[in-house]
Amino acid sequence: MIFSEECRFQYNDYNKDGELMLRAMLYQFEQAAADHSVAVGDTLDRQMEQGIAWILAGWRIHVERYPKYGEPITVNTWIALERNGSLIMNRCFSLTDADGNEVVLADGSMGIYDWGKQSTIKMSEELFALYEPEERHLWKRRLPRVRLPETLEREQPVLLRRSDTDYNGHVHNTYYLNFAMEALSQEDYENNAIHDVAMVYHNPLKLGDSPFVRSSYSPESGTYSIGIFGSEEKPAFQAELKK
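Conventions we followed
- Residues numbered from 1 in each chain as written.
- Predicted model: local features only at pLDDT ≥ 70, side-chain atom pairs only at ≥ 80, totals over all residues.
- Heavy atoms only, no water.
- Helix = DSSP H or I, 4+ residues; strand = E, 2+ residues; numbered from the N terminus.
- Rg over C-alpha atoms; globule rule 2.2 N^0.38 Å.
- Buried < 20%, exposed > 50% of the residue type's maximum accessible area, 1.4 Å probe, protein only.
- Contact = heavy atoms within 4.5 Å.
- Areas by Shrake-Rupley, 256 points an atom, 1.4 Å probe, with all protein chains shown as cover.
- Lys, Arg positive; Asp, Glu negative; His and termini not counted.
- Charge placed at Lys NZ, Arg CZ, Asp CG, Glu CD.
- Phe/Tyr/Trp six-rings, centres within 6.5 Å; stacked < 30°, edge-to-face > 60°.
- Lys NZ or Arg CZ within 6 Å of the ring centre and 35° of its normal.
- Disulfide = S-S within 2.5 Å.
- Patch = residues over 30% accessible without salt bridge, like charges linked within 9 Å, V, L, I, M, F, W, Y side chains within 5 Å.
- Salt bridge = Lys/Arg side-chain N within 4 Å of Asp/Glu carboxyl O.
- Expected span 1.5 Å × (residues − 1).
- 1 Å grid on protein atoms, 1.4 Å probe; cavity = no way out; pocket = protein on both sides within 12 Å on 5 of 7 lines; lining within 4 Å.
- Points joined across faces, edges and corners; volume = space filled by probe spheres on them.
- Nonpolar A, V, L, I, M, F, W, Y, C, P; charged D, E, K, R; others polar.

Q: Give me the overall build of the chain: which residues, what numbers.
A: Along its length, the chain carries five helices and 11 strands. Relative to the 2.2 N^0.38 estimate, which gives 18 Å for 243 residues, the radius of gyration of the chain is 18 Å and therefore close to what a compact globule would have. Considered along the principal axes of its C-alpha atoms, the chain spans approximately 50 × 45 × 35 Å. Sorting the 243 residues of the chain into buried and exposed places 50% on the buried side. Contacts spanning at least 24 positions in sequence make up 71% of the contacts within the chain whose residues lie at least 6 apart. Carbon and sulfur atoms provide 49% of the accessible area of the chain, an area that totals close to 12,500 Å². Taken together, the 25 basic and 38 acidic charged side chains of the chain have centroids lying 5 Å from each other.

Q: Which residues make up the packing of aromatic side chains, and what values go with them?
A: For the structure shown, the criterion picks out 13 aromatic pairs. Note on Tyr176 and Phe179: the rings are 6.4 Å apart at their centroids and 65 degrees apart in plane angle, and the pair reads as edge-to-face. Linking Tyr176 with Phe179, this pair stays in helix α4 (residues 173-181), spanning three residues, or about one helical turn. Pair check on accessibility: Tyr176 and Phe179 agree, each one buried. Put simply, the rings of Phe9, Tyr11, Tyr14 and Tyr69 pair up and form one aromatic cluster. Positioned over the ring face of Phe229 is Arg214, at 5.0 Å from the centre of the ring.

Q: Lay out the state of the cysteines in plain terms, naming residues and giving numbers.
A: Enumeration according to the criterion identifies zero disulfides in this entry. The thiol of Cys7 is not disulfide-bonded; the next cysteine sulfur, from Cys92, is found 16 Å away. Assessed through its relative accessible area of 1%, Cys92 is described here as buried.

Q: Outline a nonpolar patch on the surface, supporting the account with residue identities and numerical values.
A: A cluster of nonpolar side chains, Leu44, Met48 and Tyr167, forms an exposed patch at the surface whose accessible area comes to about 400 Å². The exposure class assigned to Leu44 is partly exposed, which follows from its relative accessible area of 47%.

Q: I'd like to hear about the pattern of salt bridges, residue by residue, with values.
A: Summed over the entire model, instances satisfying the criterion amount to 10 salt bridges. For the salt bridge of Glu71 with Arg65, the shortest nitrogen-to-oxygen distance reads 2.5 Å. Accessibility expressed as a relative area gives 21% for Glu71, which makes it partly exposed. What makes Arg65 partly exposed here is its relative accessible area of 30%. Where Lys122 meets Glu125, a salt bridge forms, and the shortest distance between an N and an O atom there is 3.7 Å. Overall, Glu125 belongs to the exposed group, its relative accessible area being 56%. When salt bridges that share partners are traced, they join Arg65, Glu71 and Asp97 into one network.

Q: How would you summarise helix α1 (residues 22-40) if you had to cite specific residues and measurements?
A: Count 3.6 residues to each turn of an α-helix, and residues three or four apart come out pointing the same way. Relative to the 27 Å expected for 19 residues at 1.5 Å per residue, α1 spans 27 Å between its end C-alpha atoms, a close match to the ideal helical length. All of the buried residues in α1 are Leu22, Ala24, Met25, Leu26, Gln28, Phe29, Ala32, Ala33, His36, Ser37 and Val40. Positive backbone phi, at 95 degrees, marks Gly41, one or two positions downstream of α1.

Q: Which residues make up the environment of Ala180, and what are the values?
A: Tracing the backbone shows Ala180 in helix α4. A sequence separation of 60 residues divides Ala180 from Glu240, and the C-alpha atoms of the two residues are 9.2 Å apart. Other than its neighbours up to four places away in sequence, Ala180 contacts Ile226, Ile228 and Phe237.

Q: Summarise unusual backbone geometry; cite the residues concerned and give the values.
A: Peptide bonds are, in most cases, trans, and in most cases residues other than glycine have a negative phi. Notably, Glu132 is not glycine yet its phi reads approximately 45 degrees, a positive angle. Here Glu132 is to be found in the loop between α3 (125-130) and β7 (154-157). Assessed through its relative accessible area of 48%, Glu132 is described here as partly exposed. With phi around 50 degrees, Asn192 is a residue other than glycine that occupies positive phi space. Judged by its relative accessible area of 7%, Asn192 is buried.

Q: So what's going on with empty space enclosed by the protein? Which residues, and what values?
A: Summed over the entire model, instances satisfying the criterion amount to two cavities of 30 Å³ or more. Lining the second largest cavity are Leu22, Tyr66, Met181, Leu184, Asp188, Tyr189, Asn192, Ala193 and Ile194. Within the lining of the second largest cavity, the residues separate by chemical class into seven nonpolar, one polar and one charged.

Okay, here's the thing in structure tokens:
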């Protein structure tokens, strides 16, 4: 089952050239996923009763072109058919223009977390069936692959605010991209230079942490390699942003 709805972007979702920004895409994907879940009966109340929650392990995004201000855009989302009983499944997304062209493709690698067991569990057949999964996968790998270089050349501190956290007390998943984008050059940031994104979440940041961003840029591949570290030296989040 493919769930579709018209996008509802705001004026501040666009850059100086009237192009949609990456962070606005993530917000729209998140809203579409929530609306899809409600439409099939997988509501927050139902999840809380069962003591489970969706958790995000990673994102992949490919931008064929950035939508323009005022352009009608539709967001589509579906659950890809499960492969080999994995704990991780893919929720796929596309943004299509008025002619039906796919201008952005993305998927979120997701799992079901059981609060009682304090671990990720396999999605129940009942829940899986609600979504009427589709055959189409956007990428061969279930999880995005991010390989950071041994040395990251630049380091910047991150100031966490209460507004960065969600009801779990963790930094909300979409905000990590905002932190990562601070590693881009001013020119690349302003001009929407990034067309491919891979992001992997490891350990959630929370208030009280003193995170910092370490990054490097490879001119040969046009790739920004980014790690966000919490209070320890192990990365809480890794990303590759490629031009």
